[in-house]
Amino acid sequence: MQLSGGEIIIQFLKDEGVDYVFGYPGGAVLHIYDALFRQEDVRHILVRHEQGATHAADGYARSTGKPGVVLVTSGPGATNAVTGIATAYMDSVPMVVITGQVATASIGSDAFQEVDAVGITRPCVKHNFLVKDVKDLAMTLKKAFYIATTGRPGPVVVDVPKNITDPNIKIPYEYPTTVSMRSYNPTVKGHPGQIKRAVELLLAAKRPMIYSGGGVILSGAHAELTQLTRELGYPITNTLMGLGAYPATDKLFVGMLGMHGTYEANMAMHDCDVLFAVGARFDDRVTGDTKLFCPHAKIIHIDIDPASISKTVRVDVPIVGDVKNVLNDMSREIKASKRKPEAAALQAWWTQINEWQSKDCLRYDRNSVLIKPQSVIEKLYEVTQGDAYVTSDVGQHQMWAAQFYKFDKPLRWINSGGLGTMGFGLPAALGVQLAHPNATVACVTGEASIQMCIQELSTAMQYSLPVKIVNLNNRYMGMVRQWQEFFYESRYSHSYVEALPDFVKLAESYGHVGMRIDKPGDVEAALKEAFALKDRLVFMDFITDQKENVYPMIAAGKAHNQMHLSSERELA
Amino acid sequence: MRHIISLLMENEAGALSRVAGLFSARGYNIESLTVAPTEDASLSRMTIVTRGSDVVIEQITKQLNKLVDIVKLADITEGKHIERELMLIKVRAADKEPRAELKRLTDIFRGRIIDVSESTYIIELTGSGDKLDAFIAAIDPAAIIETVRSGSTGIARGEKSLQIN
């Protein structure tokens, strides 16, 4: 097949099995867009801002496990995409971003819409390429997908100068079915000796704790994790990124851990004698003060990225490998050992944990005359029967969604954990809805976050994406306000947004349905009404209690047993 | 502790900036860095001299290994090794007496005078960084016009080697 560079890109995407490309055209990618126009297999979703393209591709990727694909032009197209690329990088999301570039002869001349995309993105990609010869194009794209999706996944940028896609230069094209790189061979199989040591340690535990993260979801190992946990009968906590990796309604699940984790999860972390970390990276929002982290525990850590092991917390039994493989090997090893956990010790440990659970750390005022944001999430959970895909932005609403929506399945909870990118939720929800056209998709957001990518309401209209937006509107950047209340003597410096839009009218102006809800008694009915509108995007603007705070809370740099339970209940 | 990290990487544009960028982004320090192609034109060999605690050095080697362009890496200070650095130093040598003194010192340090003008010498010296420092300390500071140092390179002793199999 004789194809031009532009045609090679589109044909390659088709051969690679890509169904959606999220993008925005511009000068440097016009040849590619022309090739896109002349076919129907690869569908293009036109966003309103390149950041939206990367977040939408990200939502697509996180909810499917398949790579998200982005196509943007050079210069501002590339720089606008950077926030979304960094977001994907921090949360290890597979993504391939094709950026246009000025012609090779113009590179370095400060040409119109020229930016060093490879240089700018270098610190926030898994890898990036500049294609200098059209003959390298197909193999470079193959490598990009290979790198993005294997090992610890991540975004890969392919920068393509305009002359590489010249429609007048045609070369033979063949889809490269295989790729091998001498410099890139991720370890997927765990070391048998380490697995043996881990199993011995795990079975000898008196106060065990399983701490699992986003790696379980990325590896597709939720079933293996669930099975192993149930066999052992050990308590398990999920990180923010790991929610859904273990069913939240199961009795062994003690809730999320970390800064806004449950009392029982954090206390169990602090007191455990063996910590089994599965696909989690000991993030500072999880560990608090690393010197006071799990002071009594021997630590086992499974991670596919060797650099994640002993990065912030020294571990005793590191296992480098794919979580799914390693958990399978561990299950086999446990069976072969014919040993069981110590029943009496485990019983005593659960008695202690149940006592912590009885504190009811997530309780809030259910008789308030104002809408409590927590109650909206609880009702959202009920109305969607716990089966929605939930995206979120960043801040208080994100934490309440994580605390109160009980995710029983993986790939359902889609949020920017590592980078904490406000503006992520809405475009991500569009990507999720495209990937799952018949699924219920909710975007839990706040009035500050939603405005960072509000323009994507227009994209939602163009492609009829019936996402349900749950806007917890407290007229503050809630998490900023909360920190200012706690740590800056309530000096609310610029965390109050004046001149908010009328979100109902705003939604309507884009052609969607808008609803405003300001009484606690109306929350459930509004949600039911909104979710019954199957084919419409509904923007629900919930006017919530302005001063509600997220509890429990561990202040930055404190230990797991130094938690604030509420303004009245200081600390256990 | 001072460590010498040797690595083989794909000889591609941008590979050097990935390494340099990693060090600055993660706050690791670089004492020196040298890089040149090897006998296999597709590979470059880089030598990085860095300092850090064991934990930091472990992270540096892991993070370097993670870079897709890096094929192989070793901390050669973990075993017996040889380290060399090249220095070219231009000194004022106008009068008879300092000229003779500089010649003697150069001989003692097993250096060579590789350029002579009426008023200057250029001396070439190789050795460990310490040896080069010692030479500089031995000569009159006022005589030094210019020094150029290559940064350290190193290689493991004996059968041990850094190569792709």
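A. Here's a closer look at the overall build of chain B. For chain B, the count of helices and strands is four helices and nine strands. Along its sequence from the N terminus, chain B presents helices and strands in the succession β-α-β-β-α-β-β-α-β-β-α-β-β. Counting all 165 residues of chain B, 24% fall into the buried class. Within chain B, contacts between residues at least 6 apart in sequence are counted, and of these 73% link residues at least 24 apart.

B. Structural context of the overall build of chain A. Helix and strand counts for chain A stand at 20 helices and 20 strands. Against the globule reference of 25 Å for 572 residues, chain A gives a C-alpha radius of gyration of 24 Å, in line with a compact fold. Principal-axis analysis of the C-alpha atoms places the extent of chain A at approximately 75 × 60 × 40 Å. Every one of the 572 residues in chain A was classed for burial, and the buried ones make up 56%. Considering only contacts within chain A whose residues lie at least 6 apart along the sequence, 76% involve residues at least 24 apart.

C. Inspection of the pairing of strand β5 (residues 81–92) of chain B at higher detail. Residues and elements named next belong to chain B. As defined by bridge partners, β5 adjoins strand β9 (residues 153–156) across four bridges and the pair is classed as antiparallel. Pairing of His-81 across the sheet is with Ala-156, part of β9. Pairing of β5 with strand β7 (residues 120–127), which is carried by eight bridges, proceeds in the antiparallel orientation. Paired with Ile-89 across the two strands is Ile-123, which belongs to β7. Bridge analysis of β5 against strand β8 (residues 144–149) gives five bridges, and the strand direction is antiparallel. Bridge pairing links Lys-90 to Glu-146 in β8.

D. Representation of the pairing of strand β2 (residues 20–23) of chain A in the model. Residues and elements named next belong to chain A. Covered by surrounding structure in β2 are Tyr-20 and Phe-22 together with Val-21 and Gly-23, the residues of both alternating faces. In this sheet, strand β3 (residues 43–46) lies alongside β2 in parallel orientation, the contact comprising four bridges. Among the inter-strand pairings, Tyr-20 is bridged to a residue of β3, identified as Arg-43. Once you follow β2 into helix α2 (residues 30–37) and on to β3, the crossover reads as right-handed. Note that β2 and strand β4 (residues 68–72) share two bridges and pair parallel. Residue pairing for β4: Gly-23 is matched across the bridge by Leu-71.

E. Representation of the interface of chain B and chain A in the model. Counting from both sides, the interface comprises 16 residues of chain B and, opposite them, twelve residues of chain A. Looking at the side of chain B that touches chain A, the elements that each hand over two or more residues are α1 (15–25), α2 (54–66) and β4 (70–75) of chain B. It is α2 of chain B that provides the largest number of residues to the side of chain B that touches chain A, a total of five residues. When the residues that make up the side of chain B that touches chain A are grouped by side-chain class, the tally is five nonpolar, five polar and six charged.

F. Main features of the environment of Gln-39 of chain A. All names here are of chain A. Following the sequence through the fold, Gln-39 ends up in the loop between α2 and β3. In this structure Gln-39 comes out as partly exposed when scored by C-beta crowding, with 13 C-beta atoms within 10 Å. Taking the C-alpha atoms as reference, Gln-39 lies 49 Å from Ile-210; in sequence the two are 171 residues apart.

G. Spatial organisation of the sheet that holds β4 of chain B. Residue and element names in this part refer to chain B. If you trace the four strands from one edge of the open sheet to the other, you get β2-β3-β1-β4, paired in antiparallel fashion. Across the chains shown, the open sheet's two edge strands, defined by having one partner strand only, are β2 (32–37) and β4. Taking each pair of neighbouring strands and ignoring which way they run, the sheet shows an average axis angle of 15°. Across the sheet, α2 lies against β1 (2–10), β3 (43–51) and β4, angled at about 160° from β4, the strand it touches most.

H. Structural detail: the sheet that holds strand β17 (residues 441–446) of chain A. Residue and element names in this part refer to chain A. Spatial strand order, β16-β15-β17-β18-β20-β19: six strands in an open sheet with parallel pairing. Sheet topology places β16 (413–414) and β19 (513–517) at the edges, where each strand pairs with a single neighbour. The sheet contact formed by β17 and strand β18 (residues 468–473) spans five bridges and is parallel. Residue pairing for β18: Ala-442 is matched across the bridge by Lys-468. Helix α15 (residues 396–404) contacts β15 (389–392), β17 and β18 of the sheet and is inclined by roughly 135° relative to β17.

I. Region of interest: the environment of Arg-51 of chain B. Residue and element names in this part refer to chain B. Along the chain, the position of Arg-51 falls in strand β3. A C-alpha to C-alpha distance of 15 Å links Arg-51 and Leu-22, two positions 29 residues apart in sequence. When near neighbours in sequence (up to four residues on either side) are disregarded, Arg-51 contacts Met-1, Arg-2, Asn-29 and Glu-31.

J. Spatial organisation of helix α18 (residues 478–487) of chain A. Residues and elements named next belong to chain A. Within the sequence span of α18, burial applies to Gly-478, Met-479, Arg-481 and Gln-482. In an axial view of α18, the angular spread of the buried residues amounts to 160°, which keeps them on one side of the axis. Looking at the buried side of α18, the elements it contacts are α15 and β17. Just beyond α18, the residue with positive phi is Glu-489, at close to 50°.

K. Spotlight on unusual backbone geometry. Residue and element names in this part refer to chain A. The step from Tyr-551 to Pro-552 runs through a cis peptide bond, and the omega angle for that step is -5°. Along the chain, the position of Pro-552 falls in the segment after β20 (538–543). Phi is positive for Cys-294, which is not a glycine, with a value near 40°. Along the chain, Cys-294 turns up in the loop between α11 (284–287) and β13 (298–303).

L. Inspection of the environment of Val-116 of chain B at higher detail. Along the chain, Val-116 of chain B falls in strand β6 (residues 112–116). It is 40 Å that separates the C-alpha atoms of Val-116 of chain B and Glu-10 of chain B, two residues lying 106 residues apart in sequence.

M. A look at the packing of helix α14 (residues 373–383) of chain A against α15 of chain A. All names here are of chain A. Contact pair α14 / α15: the axes reach a minimum separation of 9 Å and the direction vectors enclose 45°. If you check the angle between α14 and α15, you find them oblique. Of the two possible hands of crossing, α14 and α15 adopt the one that is right-handed. Across from Pro-373, Gln-374, Ile-377, Glu-378 and Tyr-381 in α14, the residues of α15 making contact are Gln-396, His-397, Trp-400, Ala-401 and Phe-404. Class assignment of the residues belonging to the contact of α14 with α15 gives a composition of six nonpolar, three polar and one charged.

N. Representation of the packing of helix α1 (residues 5–15) of chain A against helix α6 (residues 137–149) of chain A in the model. All names here are of chain A. α6 packs onto α1 with a crossing angle of 35° between their chain directions and a minimal axis gap of 10 Å. Here the hand of the crossing between α1 and α6 comes out right-handed. Here α1 contributes Gly-5, Ile-8, Ile-9 and Phe-12 to the contact with α6, which in turn contributes Leu-137, Ala-138 and Leu-141.

O. Representation of the confidence of the model for chain B within the structure. Residue and element names in this part refer to chain B. Confidence along chain B averages 95 in pLDDT terms, with 100% of residues attaining 70 or more. Looking over chain B, one finds the lowest element-wise mean pLDDT in helix α3 (residues 96–108), namely 94, and the highest in β7, namely 98. Across the predicted assembly, pTM comes out at 0.96 and ipTM at 0.93.

P. Highlighting α14 of chain A. Residues and elements named next belong to chain A. In terms of residue burial, α14 counts as a mostly covered element, since ten of its eleven residues are buried. Three or more residues of α14 are buried, namely Pro-373, Gln-374, Ser-375, Val-376, Ile-377, Glu-378, Lys-379, Leu-380, Tyr-381 and Val-383. Buried residues in α14 make contact with α15, β17, β18, α20 (523–532) and β20. Immediately beyond the C-terminal end of α14, within one or two residues, lies Gln-385, with a positive phi of roughly 50°.

The rules behind these values
- Residues numbered from 1 in each chain as written.
- Chains lettered and ligands numbered in written order.
- Predicted model: local features only at pLDDT ≥ 70, side-chain atom pairs only at ≥ 80, totals over all residues.
- Helix = DSSP H or I, 4+ residues; strand = E, 2+ residues; numbered from the N terminus.
- Buried ≥ 20, exposed ≤ 12 C-beta atoms within 10 Å, placed from the backbone.
- Contact = placed C-beta atoms within 7 Å.
- Rg over C-alpha atoms; globule rule 2.2 N^0.38 Å.
- Pairing = 2+ DSSP bridges.
- Right-handed = clockwise from strand over helix to strand, strands pointing away.
- Nonpolar A, V, L, I, M, F, W, Y, C, P; charged D, E, K, R; others polar.
- Axes fitted to C-alpha atoms, helices over the stretch in contact; angles between N-to-C directions.
- Arc of directions from axis to C-beta.
- Parallel < 35°, antiparallel > 145°, perpendicular 65-115°, else oblique.
- Left-handed = near helix turned anticlockwise from the far one by under 90°.
- pLDDT = per-residue confidence, 0-100.

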